[in-house]
Structures are given as C-alpha cells and as structure tokens.
Amino acid sequence: MRDGPVPGAIDFVNEMAGIYDVVILSSRAQDEAGLRAMEDWMVFHGVEEDYFELGFIKITATKVGAIMYIDDRGYHFTGTFPTADEIAAFKPWNRSES
C-alpha cells in the first residue's frame, strides 16, 4: 500500500460522513480498478466500510456540486486570476517551505 493518510484525515472523513455526503474526486476513479483500490486503501486505514455501502462516501472521477472542495492543489479564486509566475511557483501544502 502507498503512503498512509495525513494525520487526522480518517477521523475527519468518518466524522463528516456522519453529517454530509462526502465525495472523493480523483482521476483514479475513472476505472473500476482505481476506484476499488482507493476504497480498499481508505478502509484499510480506518474509514468505515459501511459508509461506502450506505452511500455516505462516494468516489468519482466527475466533479459534483458541493458546499466546499478540499484540494491540495486548489487555488482559492477570489475574482483575481493568478499570474503566470504565481502558477509556476505554486506548491501544494506538503511541498511548501512554510
């Protein structure tokens, strides 16, 4: 299995699945093998298996409407587009120096 989850992620997903519909968006979910691998990885690390079976957590390759998106490569658009230099310098949270 690949790297483990970010500390706190499993508790967060389990808690949110009890309140909201949780949708995991990933290009890996484009085929059944990738989707199953993701679900297996999550269950192995402690996500409640019943949440998938009951539909509280869904994995998809198709973006859906949401209250919020949590993404390590997301740009918070506030009406101002990033410059080319800002895009080139962008680093996800786990690759930045801060």
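What counts, and where the lines are drawn
Residue numbers restart at each chain and count upward from 1, following the sequence in its written direction. Local features in this predicted model are restricted to residues whose pLDDT is 70 or higher, and side-chain atom pairs enter the listing and the counts only when it is 80 or higher, whereas totals over whole chains, interfaces and linings include all residues. Side-chain figures throughout are based on the complete set of non-hydrogen atoms in the structure, without hydrogens or water. Each helix corresponds to a stretch of at least 4 residues labelled H or I by DSSP, and each strand to a stretch of at least 2 residues labelled E; elements are numbered beginning at the N terminus. Working definition: with a 1.4 Å probe on protein chains only, accessible area under 20% of the residue-type maximum means buried, over 50% means exposed, and in between means partly exposed. We call two residues in contact whenever any of their non-hydrogen atoms come within 4.5 Å of each other. Here the expected length of a helix is defined as 1.5 Å per residue gap, with one fewer gap than residues. Here the arc refers to the set of directions running from the helix axis out to each C-beta atom. Between N or O atoms, a polar contact is any pair within 3.5 Å; within protein, one atom must be a potential hydrogen donor and the other a potential acceptor, and residues adjacent in sequence are included only when both atoms are from side chains. Joining through side-chain atoms within 4.5 Å is the link that ties buried Ala, Val, Leu, Ile, Met, Phe, Trp, Tyr and Cys residues into a set, and such a set is a nonpolar core. For salt bridges, the criterion is a side-chain nitrogen of Lys or Arg within 4 Å of an Asp or Glu carboxyl oxygen.

Some details on the overall build of the protein chain
- Along the backbone of the protein chain there are four helices and two strands.
- Along the protein chain, from the amino end to the carboxyl end, the secondary structure elements read α-β-α-α-β-α.
- For the protein chain, the proportion of its 98 residues judged to be buried stands at 21%.
- Here the contacts in the protein chain between residues at least 6 apart in sequence split such that 63% fall between residues at least 24 apart.

Section: helix H2 (residues 32-44)
- The first and last C-alpha atoms of H2 sit 18 Å apart over 13 residues, in line with the 18 Å expected at 1.5 Å per residue.
- For H2, the full list of buried residues reads Gly34, Leu35, Met38, Glu39 and Met42. Seen end-on, H2 carries its buried residues on one side only, within an arc spanning 130 degrees. Exposed side of H2, more than 90 degrees from the buried face: Ala33 and Phe44 are the residues found there.
- Turning to H2, the residues buried within the fold contact helix H1 (9-17), strand S1 (22-25), helix H3 (49-53) and strand S2 (57-60).
- The residue sitting at the N-terminus of H2 and contributing the capping side-chain oxygen is aspartate 31; that oxygen lies 3.1 Å from the backbone nitrogen of alanine 33.
- Immediately beyond the C-terminal end of H2, within one or two residues, lies glycine 46, with a positive phi of roughly 120 degrees.

Focus on the nonpolar core
- Met42, Val47, Phe52, Ile57 and Ile59 are the most contacted members of the largest nonpolar core, which totals 14 residues.
- Mapped onto this core, the elements with two or more residues apiece are H1, H2, H3 and S2.
- With four residues, the top contributor of residues to this core is H1.
- With sequence-adjacent residues up to four places away left out, methionine 42 is seen in contact with Ile10, Val13, Ile24, Val47, Phe52 and Ile59.

Some remarks on the pattern of salt bridges
- For the structure on display, the rule yields two salt bridges.
- Residues glutamate 32 and arginine 36 are paired through a salt bridge, measuring 2.9 Å at the closest nitrogen-oxygen approach. Separated by four residues within a single helix, glutamate 32 and arginine 36 lie in helix H2, roughly one turn from each other.
- Relative accessible area serves as the criterion here: at 37%, arginine 36 is assigned to the partly exposed category.
- Salt-bridge contacts for glutamate 39 lead to arginine 36; the nearest nitrogen and oxygen are separated by 2.8 Å. Of this pair, glutamate 39 and arginine 36 both sit in helix H2, three residues apart, which is roughly one turn of that helix.

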